[in-house]
Amino acid sequence: SGWGGPPNGLGGLYKTTNRGATWTKLTGSTLDRVTSCTFNPNNANQIFITTETQGLWMSNNINAPTPTFSLVNNYSFRHPERVFFNPFNPGQIWVGSFGNGMAVGTMSNTGEPEFSSENSLSIYPNPTYSNVTLSISASSMHAPLEACNGCKIYNLYGAEVKTLQLQKGENNIDVSELPAGVYFVRAGNVTRKLIIEK
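Note that the structure is predicted; figures quoted are calculated from it, not measured. (Residues numbered from 1 in each chain as written. Predicted model: local features only at pLDDT ≥ 70, side-chain atom pairs only at ≥ 80, totals over all residues. Heavy atoms only, no water.)

Student: Tell me what's going on with the sheet that holds strand 5 (residues 56-59), and back it up with residues and numbers.
Tutor: Spatial strand order, 3-4-5-6: four strands in an open sheet with antiparallel pairing. The outermost strands of the open sheet, each flanked by one partner alone, are strand 3 (34-40) and strand 6 (70-71). Two elements, strand 4 (residues 43-51) and strand 5, share four bridges in a ladder whose sense is antiparallel. Bridge assignment links Thr50 to a residue of strand 5, and that residue is Leu56. (Pairing = 2+ DSSP bridges. Helix = DSSP H or I, 4+ residues; strand = E, 2+ residues; numbered from the N terminus.)

Student: Report on the packing of aromatic side chains, specifying residues and quantitative values.
Tutor: Per the counting criterion, the structure on display carries four aromatic pairs. Taken together, Phe84, Trp94 and Phe184 form an aromatic cluster joined through their ring pairs. (Phe/Tyr/Trp six-rings, centres within 6.5 Å; stacked < 30°, edge-to-face > 60°.)

Student: Lay out the environment of Trp94 in plain terms, naming residues and giving numbers.
Tutor: Following the sequence through the fold, Trp94 ends up in strand 8 (residues 89-97). A residue is classified by how much of its surface remains accessible, and Trp94, at 4% relative accessible area, is buried. Note: C-alpha distance between Trp94 and Phe84 (10 residues apart in sequence) is 5.4 Å. Not counting the four nearest positions on each side in its chain, Trp94 is found in contact with Arg82, Val83, Phe84, Asn86, Met102, Ala103, Val104, Leu156 and Gly158. A polar contact is formed between the side chain of Trp94 and the side chain of Gln92, at a distance of 2.7 Å. (Buried < 20%, exposed > 50% of the residue type's maximum accessible area, 1.4 Å probe, protein only. Contact = heavy atoms within 4.5 Å. Polar contact = N/O pair within 3.5 Å; in protein donor to acceptor, adjacent residues only side chain to side chain.)

This is how it looks when you write it as structure tokens:
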């Protein structure tokens, strides 16, 4: 919608039912500059969309003639870029942003994703060569400490590459067997990026 110049009001989410001969704008005049969307693999009526300046939105009736959209309130960053579900765990939604990194949410029983607290898991040194310290604070996590004991490390494709047993406080972890690259460490509902260099 007017990228690089004044907005033209044509941005949004569109749908076609005749291979592109005609298009219907689903987001009306409320949402502009939609950059990506994804369907919930467990619910064909639910879709998530990212916007350039209005945050992350969802619809629970996307197949209706006039679907309704609501803001995902617990995703607070206003410029998400891409939204998709983890192909290895369809209950996990990933949101990449312009300037705020990757956020990982867990689909709740209410059908809305719950995103992590920012201060409950820290990783240092990061980048690392062989060992890393994971510091975890259970008091600020959405999940109880017992749920954090099965901390997992995922590669960029969403595949689990390592399972860890964590305790509250500092945990020294050997990651020397993992190849160099970017990984995601997940404990409870909290995910942090880990960079391994060789």
